[in-house]
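Residue-level structure breakdown
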Number of protein chains: 2
Amino acid sequence: MTTSEGIEKVLREASMRVTRPRVAVLAAVTAHPHADTETIIEAVRQEHPLVSHQAVYDSLKLLTNLGLLRQIQPHGHIARYETRVGDNHHHVVCRNCGTLADVDCAVGAAPCLHASDHHGFSIDEAEVIYWGLCPDCQQAKTAQPATGTV
Amino acid sequence: MTTSEGIEKVLREASMRVTRPRVAVLAAVTAHPHADTETIIEAVRQEHPLVSHQAVYDSLKLLTNLGLLRQIQPHGHIARYETRVGDNHHHVVCRNCGTLADVDCAVGAAPCLHASDHHGFSIDEAEVIYWGLCPDCQQAKTAQPATGTV
DNA sequence: GTAATTATCTTGACTCATTCAAAATAAATA
DNA sequence: TATTTATTTTGAATGAGTCAAGATAATTAC
């Protein structure tokens, strides 16, 4: 799905050109799951130093629209991307350090889609973000009790 | 809870001063559920024209930290606020026009807190956003089939 | 009630992820 | 290989939100 042949096929089927930035961006996100845009730009430039940030932004948006990438953007954080799409999984975000991890859906396939009263909206996606503390930050909090750096 | 006496009590218990901007901001959000910051600033200035935008930002942040307000910020949208807090309800957002509505939790009290595998994170909140189309935009889409303005 | 203290507000500049736009480039087609 | 035009480069612009210094007003002490 996210192999270099895979992206070619998807792009051509969407009548989009297969360009170096696009292929490199998909490869970068595959290599760096949950990476932010800055990290992706750096990763792309390891291989292709002349790619502009604009091309990365454009590619990220295009690949997201084509369903090859998924964008995650918790409150107060910049956008991040991942290649794991279409399996209804969610994310945990650490309130302290911003670390992000995947979480499979609690109840099964796509349970949260069944809102009790949806006011006539036609719902196509339930996005779930769990907030808490990652293991490291839990330790740090208990280790330095009072005067913790916030 | 969100009455003018209520906010006084909460502020004093938190050793915070009861100021005009703070009371006005809470009143504005109460009067305009799901309002964005700009709307809140305008509403506050109806009564108190000299209040600065900075004071509104500060008040919103403080009231949110004190648990009197809740911030909602779906991807690609600016922050919005509501006074309905602590009852574990969620939101539907229209992909087309950005309209936002409340949705009660599907399965009961706080079901989504039970992530299947939480990687050692200690989870304290499950934030759920449903994405779809509001009734108006559904009509608009079916009415103007092909050349719809996106 | 008045004065002193200091949290809060005003003002205005600043940040920074993201977007816009014009000219240059390169992927696809003939 | 030449042509067409989607993409990319470059560099400026946007805008929600933040920062910081001095002014103001909510509270406390008298």
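Now for a look at the structure at hand. The structure presented is a predicted model; accordingly, all values stated were derived computationally and were not measured.

Here we come to the interface of chain A and chain B. Reports of interface size often rely on the accessible area that becomes lost once the parts have come together. Counting residues at the interface gives 40 residues for chain A and 40 residues for chain B. The largest share of the area that chain A buries against chain B comes from A:His75, A:Phe121 and A:Glu127, three residues that together contribute 23% of it. Viewed at the interface, chain B and chain A are joined by four salt bridges. As a salt-bridge pair, B:Arg95 and A:Glu125 come within 3.0 Å of each other at their nearest N and O atoms. Linking chain A with chain B are 22 residue pairs in polar contact (both at pLDDT 80 or more). Secondary-structure elements contributing two or more residues to the side of chain A that touches chain B are β2 (70-72), β4 (90-94), β5 (100-103), β6 (122-133) and α5 (135-143) of chain A. Per-element tally for the side of chain A that touches chain B: the top contributor is β6(A), with twelve residues. Each residue belonging to the side of chain A that touches chain B can be placed in one class, and the counts come to 21 nonpolar, twelve polar and seven charged. Pairing geometry for β6(A) and strand β6 (residues 122-133) of chain B, over eleven bridges, is antiparallel. Pairing of A:Gly132 across the sheet is with B:Ile123, part of β6(B).

Positionally, A:His75 belongs in the loop between β2 and β3 (80-82). Looking at A:His75, the relative accessible area reads 18%, which means it is buried. A polar contact is formed between the side chain of A:His75 and the side chain of B:Glu127, at a distance of 2.8 Å. Leave out the neighbours within four places in its chain, and A:His75 touches A:Trp131, B:Gln71, B:Ile72, B:Gln73 and B:Glu127.

For the pair chain A and chain B, the superposition axis carries a translation of 0.1 Å, the fit reaches an RMSD of 0.1 Å, and the rotation angle comes to 180°. The symmetry that links the two subunits is that of a two-fold axis. Relative to the rotation axis, the closest C-alpha in chain A is found at A:Val128, a distance of 2.2 Å. An overlap of 100% is found between the interface residues of chain A and their copies at the interface of chain B, pointing to a shared contact surface.

Let us now look at the side chain of A:Glu127. Its location among the elements puts A:Glu127 in strand β6. Here A:Glu127 is buried and forms no salt bridge, its nearest opposite-charge partner A:Arg70 lying at an N-O distance of 6.2 Å. Among the polar contacts made by the side chain of A:Glu127, one reaches the side chain of B:Trp131 at a distance of 2.7 Å. Beyond its immediate chain neighbours, meaning those up to four positions away, A:Glu127 contacts B:His75, B:Glu127, B:Val128, B:Ile129 and B:Trp131.

Counting residues in hydrophobic clusters, the biggest one holds 23 residues, and the most contacted among them are B:Val25, B:Ile40 and B:Leu60. Only α1 (4-13), α2 (20-31), α3 (37-47) and α4 (53-65) of chain B provide two or more residues apiece to this core. The contact partners of B:Val25, leaving out residues within four places of it in the chain, are B:Ile40, B:Val44, B:Val56, B:Ser59, B:Leu60 and B:Leu63. Counting residues in hydrophobic clusters, the runner-up holds 22 residues, among them A:Ala24, A:Val29, A:Ile40 and A:Leu63.

How each quantity is defined
Residues numbered from 1 in each chain as written. Chains lettered and ligands numbered in written order. Predicted model: local features only at pLDDT ≥ 70, side-chain atom pairs only at ≥ 80, totals over all residues. Heavy atoms only, no water. Contact = heavy atoms within 4.5 Å. Buried area = accessible area lost by both parts, 1.4 Å probe. Salt bridge = Lys/Arg side-chain N within 4 Å of Asp/Glu carboxyl O. Polar contact = N/O pair within 3.5 Å; in protein donor to acceptor, adjacent residues only side chain to side chain. Helix = DSSP H or I, 4+ residues; strand = E, 2+ residues; numbered from the N terminus. Nonpolar A, V, L, I, M, F, W, Y, C, P; charged D, E, K, R; others polar. Pairing = 2+ DSSP bridges. Buried < 20%, exposed > 50% of the residue type's maximum accessible area, 1.4 Å probe, protein only. Least-squares fit on C-alpha atoms with pLDDT ≥ 70 in both. Lys, Arg positive; Asp, Glu negative; His and termini not counted. Core = buried A, V, L, I, M, F, W, Y, C linked by side-chain atoms within 4.5 Å.

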